[in-house]
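Coordinate analysis (summary)
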Amino acid sequence: DPVEVVLESGEPTVIENEDGTVTIELDGPEDPEDPDDDFGANLAASLPESVLTNIAQDLLSDIDDDLRAREDWERSYKDGIKLLGLKYEDRTEPWNGACGVTHPMMLEAAVRFQSETMMETFPAHGPVLTKVLGKTELTDF
């Protein structure tokens, strides 16, 4: 099915490629840095001050509504962080911006790993498990 392209100004340039495909170039600004091209212009510069004020008030109102809507969620989140024992501190060592989050579960895991490793490496009955197979004779030396 043919596709209809409607442009407000100018005609498209249709280029047939060797592989049978078609490239359509639409009239547009040739140079994006052209100062006479108003496509990327700052719209705020052309709007009256009263319109800009209304837009700013609407935006600030929406931001306040958003903050109020998530107050309960933020409170629950902060309480959960405190209950978990998670703490955050700004760090400069070993470098500026280094992770400053500490969690008691990480400390507990490290201590548990160390204690289990020590028990496996140096058990109470000695580091080597031996079992004598066969008959044993006790002799005095």
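As a starting point, this report considers the structure included with it. Throughout this document, residue positions are counted from 1 along each chain, in the order its sequence is written. Under the rules for a predicted model, residues below a pLDDT of 70 receive no local features and side-chain atom pairs below 80 are neither given nor counted, while totals for whole chains, interfaces and linings still include all residues. Hydrogens and water are ignored here; the side-chain numbers use all heavy atoms of the structure.

This part covers the overall build of the protein chain. Elements are defined by DSSP. Helices are runs of H or I of four residues or more, strands are runs of E of two residues or more, and each kind is numbered from the N terminus. Check the secondary structure of the protein chain and you find 3 helices and 4 strands. In the protein chain, the succession of α and β elements from N to C terminus is β-β-α-α-β-β-α. Per-residue burial over the protein chain gives 4% buried out of 141 residues. Nonlocal contacts in the protein chain, meaning residues at least 24 apart in sequence, comprise 0% of its contacts between residues at least 6 apart. All accessible areas in this document rest on Shrake-Rupley with a 1.4 Å probe, and a residue is counted as covered only by the protein chains that are shown. For the protein chain, the accessible area works out to roughly 13900 Å², and carbon and sulfur atoms hold 56% of it. Under the scheme applied here, a residue whose accessible area is under 20% of the maximum for its type counts as buried, over 50% as exposed, and between as partly exposed, the area being computed with a 1.4 Å probe on protein chains only. Contact criterion: two residues are considered in contact whenever any of their non-hydrogen atoms come within 4.5 Å of each other.

With that out of the way, let us pick up the pairing of strand 1 (residues 13–16). Relative to strand 2 (residues 22–25), strand 1 is paired through 4 bridges, and the arrangement is antiparallel. Each bridged residue has a counterpart across the sheet, and for V14 the counterpart in strand 2 is I24. A strand pair is defined by DSSP finding two or more bridges across the two strands.

Turning our eyes to something else, we now look at the packing of aromatic side chains. We call Phe, Tyr and Trp rings a pair once their centres come within 6.5 Å, taking the six-membered ring for Trp, and we label the pair stacked below 30 degrees between planes, edge-to-face above 60, and tilted otherwise. According to the stated counting rule, one finds 1 aromatic pair in the structure shown. Relative to Y77, the ring of W73 has its centre 5.3 Å away and its plane inclined at 20°; by these criteria the two rings are stacked. Of this pair, W73 and Y77 both sit in helix 2 (residues 71–84), 4 residues apart, roughly one helical turn. The same class applies to W73 and to Y77, which are both exposed.

On the surface, V14, V22, I24 and L26 cluster together into a nonpolar patch covering about 360 Å² of accessible area. In this structure, V22 sits in strand 2. Exposure remark for V22: the relative accessible area of 46% places this residue in the partly exposed category. Like-charged residues within 9 Å of one another, or nonpolar side chains (Val, Leu, Ile, Met, Phe, Trp, Tyr) within 5 Å, are grouped into patches, provided each residue has over 30% relative accessible area and no salt bridge. Note on definitions: salt bridges are taken to be side-chain nitrogens of Lys or Arg within 4 Å of carboxyl oxygens of Asp or Glu.

What follows is about unusual backbone geometry. Of the consecutive residues E93 and P94, the connecting peptide bond is found in the cis state with omega at 0°. With respect to the secondary-structure elements, P94 resides in the loop between strand 3 (87–88) and strand 4 (101–102).

Mapped onto the fold, I15 is located in strand 1. Sequence-wise, I15 and E25 are 10 residues apart; in three dimensions their C-alpha atoms are separated by 7.9 Å. Excluding its chain neighbours within four sequence positions, the residues that come into contact with I15 are T21, V22, T23 and E25.

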